[in-house]
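Working through the structure, step by step
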Amino acid sequence: MTTEFDVTITSKDMYRFNMYHAYHGFQGIFATVIGILVLIVAGATFGKIETMYTVLYFVFGLIFLIYVPVSLYMRSKQQILSSEVLRQSLHYKVDEEGVHVSQNDQTADLLWNQIYKVVSTKSNLLIYSSRVNAYVIPRNAISKEYETVAQLATKHLEKYRLKLK
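Let us look at the structure shown here. Owing to the predicted nature of the structure, the values given are computational and were not obtained by experimental measurement.

Along its length, the protein chain carries 5 helices and 8 strands. For 165 residues, the compact-globule formula gives about 15 Å, and the C-alpha radius of gyration of the protein chain, at 20 Å, lies well above that figure. When the 165 residues of the protein chain are sorted by exposure, 35% land in the buried category. In the protein chain, once contacts between residues fewer than 6 apart in sequence are set aside, the share between residues at least 24 apart is 57%. Surface accessibility of the protein chain: about 10300 Å² in total, with carbon and sulfur atoms responsible for 60%. Separation of charge centres in the protein chain, based on 17 positive and 13 negative side chains, amounts to 12 Å.

Attention now goes to the sheet that holds strand E8 (residues 162-163). Spatially, E7-E6-E5-E8 is the arrangement adopted by the 4 strands of the open sheet, whose pairing is mixed. At either end of the open sheet lies a strand with only one pairing partner, and these are strand E7 (134-138) and E8. As paired strands, strand E5 (residues 117-120) and strand E6 (residues 124-128) are joined by 4 bridges and run antiparallel to one another. Bridging from a neighbouring strand, Val119 pairs with Leu126 of E6. Against the sheet, helix H1 (residues 11-23) engages E5, E6 and E7, with an angle of about 65° to E6.

So, on to a positive patch on the surface. On the surface, Lys12, Arg16, Lys122 and Lys165 cluster together into a patch of positive charge. With respect to the helices and strands, the residue Arg16 is situated in helix H1.

Attention now moves to the packing of H1 against helix H3 (residues 51-82). Running from amino to carboxyl end, H1 crosses H3 at an angle of 140°, the nearest separation of the two axes being 8 Å. Looking at the two axes, H1 sits oblique to H3. Where H1 crosses over H3, the two elements pack in a sense that is right-handed. Residues Ser11, Met14, Tyr15, Asn18, Met19, Ala22 and Tyr23 of H1 lie in contact with H3, whose contacting residues are Leu65, Val68, Pro69, Leu72, Tyr73, Ser76, Lys77, Gln79 and Ile80. Partitioning the contact of H1 with H3 into residue classes produces 11 nonpolar, 4 polar and 1 charged.

Between E5 and E6, which pair antiparallel in sequence order, lie 3 residues. For E5 and E8, the ladder comprises 2 bridges, and the chain directions are parallel. Paired with Val118 across the bridge in E8 is Leu162.

The next point concerns the packing of aromatic side chains. Enumeration over the complete set of coordinates arrives at 5 aromatic pairs. Aromatic side chains Phe17 and Tyr128 sit 6.2 Å apart centroid to centroid with 50° between the ring planes, which places their arrangement in the tilted category. Of this pair, Phe17 sits in helix H1 while Tyr128 sits in strand E6, and the two are 111 residues apart along the sequence. When sorted by exposure, Phe17 lands in the same class as Tyr128, which is buried. Through a chain of ring-to-ring contacts, the aromatic side chains of Phe5, Tyr92 and Tyr135 assemble into a single cluster. The lysine or arginine in question, Lys117, covers the ring of Tyr128, its NZ or CZ lying 4.9 Å from the ring centre. A cation over an aromatic ring shows up here: Arg139 above the ring of Tyr146, its NZ or CZ 4.0 Å from the ring centre.

Taken together, 4 strands build an open sheet; the order of strands is E1-E2-E3-E4 and the sheet is antiparallel. Two strands bound the open sheet, and with one partner strand each, they are strand E1 (3-7) and strand E4 (106-111). Strand-to-strand twist in this sheet, taken as the mean axis angle between neighbours without regard to direction, amounts to 15°. Bridge count for strand E3 (residues 98-103) against E4 is 6 bridges, and the pairing is antiparallel. Pairing of Val101 across the sheet is with Ala108, part of E4.

What counts as what
Residues numbered from 1 in each chain as written. Predicted model: local features only at pLDDT ≥ 70, side-chain atom pairs only at ≥ 80, totals over all residues. Heavy atoms only, no water. Helix = DSSP H or I, 4+ residues; strand = E, 2+ residues; numbered from the N terminus. Rg over C-alpha atoms; globule rule 2.2 N^0.38 Å. Buried < 20%, exposed > 50% of the residue type's maximum accessible area, 1.4 Å probe, protein only. Contact = heavy atoms within 4.5 Å. Areas by Shrake-Rupley, 256 points an atom, 1.4 Å probe, with all protein chains shown as cover. Lys, Arg positive; Asp, Glu negative; His and termini not counted. Charge placed at Lys NZ, Arg CZ, Asp CG, Glu CD. Pairing = 2+ DSSP bridges. Axes fitted to C-alpha atoms, helices over the stretch in contact; angles between N-to-C directions. Patch = residues over 30% accessible without salt bridge, like charges linked within 9 Å, V, L, I, M, F, W, Y side chains within 5 Å. Salt bridge = Lys/Arg side-chain N within 4 Å of Asp/Glu carboxyl O. Parallel < 35°, antiparallel > 145°, perpendicular 65-115°, else oblique. Left-handed = near helix turned anticlockwise from the far one by under 90°. Nonpolar A, V, L, I, M, F, W, Y, C, P; charged D, E, K, R; others polar. Phe/Tyr/Trp six-rings, centres within 6.5 Å; stacked < 30°, edge-to-face > 60°. Lys NZ or Arg CZ within 6 Å of the ring centre and 35° of its normal.

Dropping the structure here:
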């Protein structure tokens, strides 16, 4: 079983990956909880303490909730603009051996036993080579090939390394 496809990553695809990566870890969850708690404190203290403190609580709560998404958006745009590799199309071949990626005369092979995990989100298929590095494949770019890739991943990877929808 083999499938091949070409993918061009956009800043929107990179942003979705960065958001997934940030908010599915401890730091993203912690920042969200802290931001919500600080906003609750701002609401609970309204009229009970000096207005300046309530405003500060409100501002800090918004910073916790808004800073991460905005900074990830800016970083995603910058990643695409600054990387010639990410702006060009990547050719993927997924087969019984693993994932093979090529661009121009460069190739990279990621064998199934080297894959850290495969995650499917609503918008992306993420093939992790480590805890933080992944091939980002937009789902809309591989709608026909997705089932083949999912079957190969299921066949070659342990269940704990798969999060497919």
